[in-house]
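What follows is the residue order along each chain.
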Amino acid sequence: MPGREFTQQERARGILEALAETSQATTTELATALETHPLTVERHCRALQRAGYVRRCTGGAYALVEADLDSSAPTPDDATVGRQRSTNPAD
């Protein structure tokens, strides 16, 4: 969505939702789906990987650690993906 600022949490949730739909995706595929820069997606995926939400697959794709994103599943909070809003214009 051009012109809209996304929070760190919104971007992380978007990545998780996209991975739930596709089972696995590359950084470029996720960036295209989320209409954002691949480096932004890569940074968020690394944070989600450290937090245990996603894993890196062969070939550099990412996949969910658990494919269940129902309402009882934990969601990334501000502590997981960073409390500050990004100041990077590419975000």
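Note that this is a predicted model, so its numbers are computed, not measured. One numbering rule holds for all chains: residues counted from 1, following each sequence as written. Predicted model: local features are reported for residues with pLDDT of at least 70 only, side-chain atom pairs are reported and counted for 80 or more only, and whole-chain, interface and lining totals are derived from all residues. Calculated side-chain values reflect all of the structure's heavy atoms, with hydrogen atoms and water omitted.

Focus: the overall build of the protein
Here comes step 1: Helix and strand counts for the protein stand at four helices and three strands.
Here comes step 2: Only DSSP runs of H or I covering at least 4 residues are called helices, and only runs of E covering at least 2 are called strands; the numbering of each starts at the N terminus. Going residue by residue from the N terminus, the α and β elements of the protein occur as α-β-α-α-β-β-α.
Here comes step 3: Any two residues having at least one pair of non-hydrogen atoms within 4.5 Å are treated as being in contact. A fraction of 60% describes how many contacts in the protein between residues 6 or more apart in sequence connect residues 24 or more apart.
Here comes step 4: Residue-level accessible areas treat just the shown protein chains as cover; the underlying method is Shrake-Rupley with a 1.4 Å probe. Surface accessibility of the protein: about 5,600 Å² in total, with carbon and sulfur atoms responsible for 49%.

Quick look at helix 1 (residues 8-22)
Here comes step 1: For helix 1, spanning 15 residues, the distance from its first C-alpha to its last is 21 Å, which sits close to the expected 21 Å at 1.5 Å a residue.
Here comes step 2: Listing the buried residues of helix 1 in full gives Q8, R11, A12, G14, I15, L16, A18 and L19.
Here comes step 3: S23 lies just past helix 1 and shows a positive phi near 70°. Given a helix with a known number of residues, its expected span is that number minus one, times 1.5 Å. In this scheme, a residue with accessible area under 20% of its type's maximum is buried, one over 50% is exposed, and one in between is partly exposed, where area comes from a 1.4 Å probe on protein chains only.

Regarding the sheet that holds strand 1 (residues 24-25)
Here comes step 1: A pair of strands is considered paired only if DSSP assigns at least 2 bridges between the two. Sheet architecture is open: three strands sit in the order 1-3-2, paired in antiparallel fashion. Where the open sheet ends on each side, the last strands, each with one partner, are strand 1 and strand 2 (54-56).
Here comes step 2: Bridging between strand 2 and strand 3 (residues 62-64) involves three bridges; their strand directions are antiparallel. Bridging across to strand 3, R55 finds its partner in A63.
Here comes step 3: For helices, the fitted line uses only the C-alpha atoms of the stretch in contact; every axis is such a line through C-alpha atoms, and the angle between N-to-C directions lies from 0 to 180 degrees. Across the sheet, helix 1 lies against strand 1, strand 2 and strand 3, angled at about 85° from strand 3, the strand it touches most.

With respect to the packing of helix 2 (residues 27-34) against helix 3 (residues 38-50)
Here comes step 1: The contact between helix 2 and helix 3 brings their axes to 8 Å, and the two run at 110°. Considering their axes alone, helix 2 and helix 3 lie roughly perpendicular with respect to each other. Where helix 2 crosses over helix 3, the two elements pack in a sense that is right-handed. Counting all contacts with helix 2, which are made through T27, L30, A31 and L34, the residues of helix 3 involved are P38, V41, E42 and C45. Orientation is classified from the angle alone, with under 35 degrees giving roughly parallel, over 145 giving roughly antiparallel, 65 to 115 giving roughly perpendicular, and any other angle giving oblique. In this scheme the crossing of two helices becomes right-handed for a clockwise turn of the near helix relative to the far one and left-handed for an anticlockwise turn of less than a right angle.

Notes on the pattern of salt bridges
Here comes step 1: The salt bridge criterion pairs a side-chain nitrogen of Lys or Arg with a carboxyl oxygen of Asp or Glu, the two atoms within 4 Å. The final tally for this structure, using the stated rule, is three salt bridges.
Here comes step 2: Two residues, E42 and R46, come together in a salt bridge whose shortest N-O distance is 3.8 Å. Pair noted here: E42 and R46 are both in helix 3, with a separation of four residues, about one helical turn.
Here comes step 3: Exposure remark for E42: the relative accessible area of 13% places this residue in the buried category.
Here comes step 4: Between E42 and R56 there is a salt bridge, with the nearest N and O atoms lying 3.2 Å from each other. With a gap of 14 residues between them, E42 in helix 3 and R56 in strand 2 connect regions that are remote in the sequence.
Here comes step 5: Overall, the relative accessible area of 41% leaves R56 in the partly exposed class.
Here comes step 6: Connected through salt bridges with shared partners, the residues E42, R46 and R56 form a single ionic network.

The analysis is restricted to geometry; functional conclusions fall outside its scope.
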